[in-house]
Every structure is written in structure tokens, then in C-alpha cells.
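# A look at the structure
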Amino acid sequence: MSSTSTTTTAVTLVTPMRPAEGPWRRAWRQFIHQRSAIIGMAIIGVLVFTAIFAPWIAPFDPTEVLLGKEEGIQKRSGPCLHLFGCPPDRPQHIMGVDGNFRDLFSRVIYGARLSLFIGFVTVSISVAIGVLLGAVAGFVGGWVDNVIMRVLDVVLAFPFLLLAIAIVSVLGPGLLNAMLGIAIVSIPAYARVIRASVLSAREEEYVLAARTIGLGPLAILFGHILPNAISPLIVQATLGIGTAIIEVAALSFLGLGAQPPTPEWGSMLSAERNQVFTAPHLVFFPGLAIMLTVLGFNLLGDGLRDALDPRLKV
Amino acid sequence: MLRYTLRRLIVAVPVLFGVLLVTFVLVRLIPGDPCTAQLGEKATEAICARFNAEKGLDKPIPVQFGIYIRDVLQGDLGTSIRFNRPVTQLIAERLPVTLELGFFALLLACIVGVPLGIIAALRRNSAIDVATMVISNVGVSMPVFWLGLMLAYMFALLLKDTPFQLPPSGRLTAGVTSVPFYVVWGWEVDLKSGFGQVLQFFANMYLFNSLITFQWEVFRDALRHLILPAMALGTIPMAIIARMTRSSMLEVLGRDYVRTARAKGLADVVVTIRHALRNALLPVVTIIGLQLGTIFSGAVLTETIFNLAGVGRILYDAISTRDYPIIQGFTLAIAFSYVMINLLVDLSYGFLDPRIRY
């Protein structure tokens, strides 16, 4: 009898306490309370949706030349929406028609696919190489660290885009080479982030503990140090996706990236840039698409930084 | 401070050497050779052999590199294959264009960005603050080439025949010429000499040149041509500077010494500027220094759009025509400017914060 009553008391004492909140859960809670992060997520959500469902959203094939297939189509004609008072005898094109009689809206929609692909692949390449170099430099130290970091310093001494241009010239113009060029040029940023984290983690007690129980250097590096260095990397990579998209578009703009008729936003802009005074819509929409995409990743990156790195909170 | 400066310059030598080595190897990896790129159809084997012998391109690459390094140490950056002119002369002609554009763009970025950041921090969470954050977020996401084209469209076409109309290309209106200051002042200079090239370098910064010689018509014209490219190039740095100023000010405004300054009855303006801003500027200056990369990279795009004969343009053309000496020389010049400007930035810390001693 008395024992039951003790148990009941114990239960009432325990129930009001909630389980401790893990760091990821806390980060998530902080993350979803930020306006910028939410907006960023929303933009990227729309983008991903557009990319997946592009064939259903786009009214035309992005490379289809409509001359002769559609009555009354005019080269570089402006946006025409019947809903907004465009005469019903003219064919409807939400963002107008480009210099090759293609529907600009369809091209911009398909461009979302390419841009996401460009952003993720480019950043993945530089993260993979950057993490490896940074981790080795920080963990091994000594002359290895010195050599790696000085080589990366040389990369940083070049203006970003010019080095990328030179690399693409070596490899030959094309979308994949442009992505590779931008990826190579971005390596130092990731290597530095990881190296800094590794350096500070190397002296932590949990690393000492791991060493004491006899773990090898690789197990310590991959099992204990890198997982603790992951949050600054996530932030850097998210912001890097935006940068990669903008820089690859810049290379395409210079004619070194995606080649026509690929519906890539930068090359679409490049193709019509001399028409900016007569057909500004052909420059405006692809550029707006680039800007919104990059904005989405930047906002998301900022939100992640505030959520994952409590030290940076003002 | 002198010792620190010297040490920094010595540390820069291996980096500059690395830059030279990488450039030297990289340009030779670009498919195609200068001879075919220059002569096109006429490039037969015999002609190319003579061409290469003339330019010293027939020697083994390590030997070429040795010769190049020897020449560079003597201040000779070689001769452009395409223009057949000394690279130093071309640098004296082109680098000022980019430096002037970059300087003006950064100036614009600071003039707008710093006050915007201060006001946003002082009126935290107000409409101005939110607007500043929106502007800076949108600003950093803007592709330079798109912004440039849109600005050209807006100011050259939409605002045509209004006082805000601005020219969308070139450095001066046809018919306007900037007379070099050494000509105005009647100096006898040998333009081929090193000194003459330094003078040309400064004279080619039209704003600077017309300012010191009181050619106001030229100054006004050059300024009007510079505004659009500078706006395009300066927007990203402006956004970053505004954001940095804001967060740095917010941090400083919460400090004890700011509260003390307020408590002893100092005017708000004095507290903001003398006590808070001066301390908040340190990270801002660092960020400004870091924008140089953005500026030089953006210059390639801006110069393409606004038809400016600057470094970005000539380098881009040189890569496609395999003009090795130009690529090498200009890359070295850019890397050197980088090192120098970063050194100036670091030295300015001591000026902003007397606690920092070198």
C-alpha cells in the first residue's frame, strides 16, 4: 500500500518535465522562427516545384521554334496575356517571344532545372575537395598544412571570375566545364572553413578522450572532428549554391558556359543582350529568375547560420 | 610599422611567384597556340616556326619561364603578341580604367552603404531597418551583368531627354578628349621610358587627370560615363557593407562605453559618430578590403556591358587570342594591386584603432 503511494508521488514529480531538447531540434525551432529563412525556403520550394513539374507548367517545349507553327507570331514580341487586355487574335506568351521565335516563359521554367542542377553539383564538387584538403591541412598540420594553404592562397590571389575564365579556356567552353571552373575556384572557401573547425576541435577534450581509448587518426577525424565541424560547412555550402548559380550564369553570359539553345538563364541573357533597348523583357525575365533563385539560397543560408551557430547571434 | 610593411611585402613574394608560375603554366595549357590564333588561315608550319622563334616560344617551357622571370625582375613584362607593344605600356593604359571604375564603385558603395547601416542600427526594427535589410539581401543576389543592362536600359532609354539621362557606353563622349596633365603643364617627357609610363598611368585616370588640370567639361563628362558602370559594380559591395555596418553598430551600441558617453550627457550625434562608429568601422574596413575580389571579377562583366577598355576586357580577349604575355603581365599586375591594397587595409587598422601597433 505504502509502496504504491510512493510510486504515484514519483510519477507526479516526473511528468511535468519534458525530455531535453537536442541541438538539431533546437536549431530547427530557431530556424522556423525566422522570417528570412521562411522566405528563402518558400522561394526554393517554388523553384524545386517548378523544376520537377516543368513539362506540365511550360506551355511549349523550351527549344521549339514556333515560326510557321503559330499564326501571327512575331520575333522578340513583348509579353502578351489575354487576361490583361492583349488582343485575343495575338498568340499568348506570358514573357514574350525571343529572337529565335521561342516562348520565353517555357525557357525560363526549364531554366530552373538547370540552375538547381548547376548549384548543387558545383557546390558538391568543391565541398568534396575542399573538405578533404581542409581536414588534412588542419589535422596533419606542419608542412603539409603549409603547402596546402599556400597553394590555396595562390588561388585566392586571382580574381575569382578571371581564374574561372582561364580554367574554362583550358578545358574548353561548355556548361560542365564552366561548373568545374567555378567549383575549383571555390575550393579555398570550404577548405578554410573546415581547417578552422578542425584546428579548434583538435584540442577539445572529446578528441583527447577518443585518442585515449585508442582510436586511429582517421576514425577520430571522420567520427569525431568532422561531425562537429558540419554546421559552418552547411551554412557556407548553402550560401555557395547561390554564388555558384550566379557565377556559372556569368560564364554563360560571356559565352563560356551553356551553349545555345540550352535554356540556361545566363546564356539566354547573353543571346539577347544587344537587344536590351528594343526588347528589354528578353533580358529582364531570365535575370529576375537568377536573382530570385540566388536570393532564396542566400536567405536560407543566413537563416541556417543564425539557427546553427548560436555564437553569431547578435 | 615600417618593419611590418617590409615583412608583409617579403611574404607576398612567394605568393606573387606562385601566381606567375600558375599563370605561365595555365596559359600554355589552353588548347591552340598563339600563331594559329593570330594568323588564322595563313598559319603554315614554316610560318609558325619562324613566328615562334621570333617570340621565343620555340624554347622548352622551363627555359621560357626562366627568361620570363629574369625579364620581370628587370621590369620588362614582355611584348604583346597581338598588339606588338610592350605589356607595361598596355598596363599603363588599361589598369587605370579599371582602378578608376573600381575605386568609384567602392566609394559609391561606402557612401550609400555605411550611412544606411548606421541608420538601420539606430532605428532597429523600424521600417528603415527592414528596408535596408531587404535592399542588402536583394543587392547581394543581383547578377552584375543583369543589373548593368537594366541600368543602361533605364538611364539611357527610359530617362532619355530628362536631366537623369546617362550614357550607357564608353568613357567620354565622342569629341571630348582628356588632355594629359603633363601636356597641360608643358612637361617634356619620353613616353617610352618607365617614368613616362607612370605619368601615362595617372593621366589615364580621367577623373583624376581632369580634376588636377581643371578641365571641368571633361570631368563632368567622364563622371557621367562612370556612374552607371559604378552603380552596377558597386551594388553588391554596397549591400555587404550596409549589412556589416548594421551588425557591427548594433554590437557596439550595446557596449558600456557608449552608455557612459550617453550618461555624461553627450549629444546623440557625438556618441554615434565619435564613440560608436569609430569602433564599429574596424570590421567594416576588413569587409571593404575583401570586396576587391568582387570588384575585379565584376569588372570583366561591367567592362563588357559598358564598353570600357579596361583590364577585364583585355584579359578576356587575350585568353581567346592566346596572347600569353598580356595574360601573364596583367595577372601579375592585378595580384600585385591585391597585395598592395590589402596591405593598405591592414595598415588602416592602426589608424582606426590606436591599440593596434605594428
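Located above this text is the structure these notes cover.
Since we're looking at a predicted model, the values are computed, not measured.

## Quick look at the overall build of chain A
Looking only at helices and strands, chain A features 13 helices and zero strands. Reading chain A from its N terminus to its C terminus gives the helix and strand order α-α-α-α-α-α-α-α-α-α-α-α-α. Against the 2.2 N^0.38 benchmark of 20 Å for 314 residues, chain A shows a C-alpha radius of gyration of 26 Å, more extended than a compact globule. For chain A, the spread of C-alpha atoms along the three principal axes comes to 90 × 65 × 30 Å. Going through the 314 residues of chain A one by one, you find that 50% of them count as buried. Pairs at least 24 residues apart make up 72% of the contacts formed inside chain A by residues separated by at least 6 positions.

## What to know about the pattern of salt bridges
The tally for this structure, following the rule as stated, stands at 16 salt bridges over all chains. Where R305 of chain A meets D302 of chain A, a salt bridge forms, and the shortest distance between an N and an O atom there is 2.9 Å. Taken together, the residues R305 of chain A and D302 of chain A, both in helix α13 (residues 281-308) and three residues apart, mark about one turn of the helix. Under the relative-accessibility criterion, D302 of chain A is labelled buried at 11%. Between R259 of chain B and D256 of chain B there is a salt bridge; the shortest N-O distance is 3.4 Å. In this pair, R259 of chain B and D256 of chain B both sit in helix α12 (residues 256-263), three residues apart, roughly one turn of the helix. For the pair R259 of chain B and D256 of chain B, one class covers both residues: exposed. Through salt bridges with shared partners, one network takes in D98, R102 and R107 of chain A.

## Quick look at the nonpolar core
Formed by 184 residues in total, the largest nonpolar core has its most connected members in I165 and L251 of chain A together with F145 and F330 of chain B. Tallying contributions element by element places helix α11 (residues 216-253) of chain B first for this core, with 15 residues. Residues lining this core come from more than one domain, with at least three contributed by each of domain 1 (20-73) and domain 2 (90-179 + 223-352) of chain B. F145 of chain B has contacts with I246, A249, A250, F253, L269 and I290 of chain A together with L301 and I305 of chain B, leaving out every residue within four places of it along the chain. Membership of the second largest hydrophobic core comes to seven residues, among which are A137, I148, I187 and A191 of chain A.

## Quick word on a nonpolar patch on the surface
Residue and element names in this part refer to chain A. Residues V48, F49, I52, F53, W56 and I57 make up a contiguous nonpolar surface patch of roughly 600 Å² in combined accessible area. Contributions of two or more residues to the nonpolar patch are made by α3 (35-52) and α4 (54-57). With three residues, α3 is the largest single contributor of residues to the nonpolar patch. Position of I57 relative to the elements: it lies in helix α4.

## A look at the environment of R171 of chain B
All names here are of chain B. By the secondary structure assignment, R171 is in the loop between α7 (144-158) and α8 (181-184). With relative accessibility at 16%, the residue R171 sits in the buried group. Expressed as a C-alpha distance, the spacing of R171 and T331, which sit 160 residues apart in the sequence, is 23 Å. Those residues in contact with R171 that sit more than four places away from it in its chain are V97, E100, N204, M205, Y206, D221, A222, H225 and L308. A distance of 2.8 Å separates a polar atom in the side chain of R171 from the backbone oxygen of N204.

## A short note on the state of the cysteines
Scanning the model with the defined rule gives two disulfides over all chains in all. Bridging C80 of chain A to C86 of chain A, the disulfide has an S-S length of 1.9 Å. The sign of the S-S torsion, about -90°, decides the handedness of the disulfide formed by C80 of chain A and C86 of chain A: left-handed. Here C80 of chain A matches C86 of chain A in class, with each residue buried. The disulfide bridge from C35 of chain B ends at C48 of chain B, spanning 2.0 Å between sulfur atoms. Of note, the bridge from C35 of chain B to C48 of chain B carries an S-S torsion of about -90° and is left-handed in sense. Of this pair, C35 of chain B sits in helix α2 (residues 34-39) while C48 of chain B is found in helix α3 (residues 45-55), placing the two residues 13 residues apart along the sequence. For the pair C35 of chain B and C48 of chain B, one class covers both residues: buried.

What counts as what
Residues numbered from 1 in each chain as written. Chains lettered and ligands numbered in written order. Predicted model: local features only at pLDDT ≥ 70, side-chain atom pairs only at ≥ 80, totals over all residues. Heavy atoms only, no water. Helix = DSSP H or I, 4+ residues; strand = E, 2+ residues; numbered from the N terminus. Rg over C-alpha atoms; globule rule 2.2 N^0.38 Å. Buried < 20%, exposed > 50% of the residue type's maximum accessible area, 1.4 Å probe, protein only. Contact = heavy atoms within 4.5 Å. Salt bridge = Lys/Arg side-chain N within 4 Å of Asp/Glu carboxyl O. Core = buried A, V, L, I, M, F, W, Y, C linked by side-chain atoms within 4.5 Å. Domains from an automatic or database assignment. Patch = residues over 30% accessible without salt bridge, like charges linked within 9 Å, V, L, I, M, F, W, Y side chains within 5 Å. Areas by Shrake-Rupley, 256 points an atom, 1.4 Å probe, with all protein chains shown as cover. Polar contact = N/O pair within 3.5 Å; in protein donor to acceptor, adjacent residues only side chain to side chain. Disulfide = S-S within 2.5 Å.

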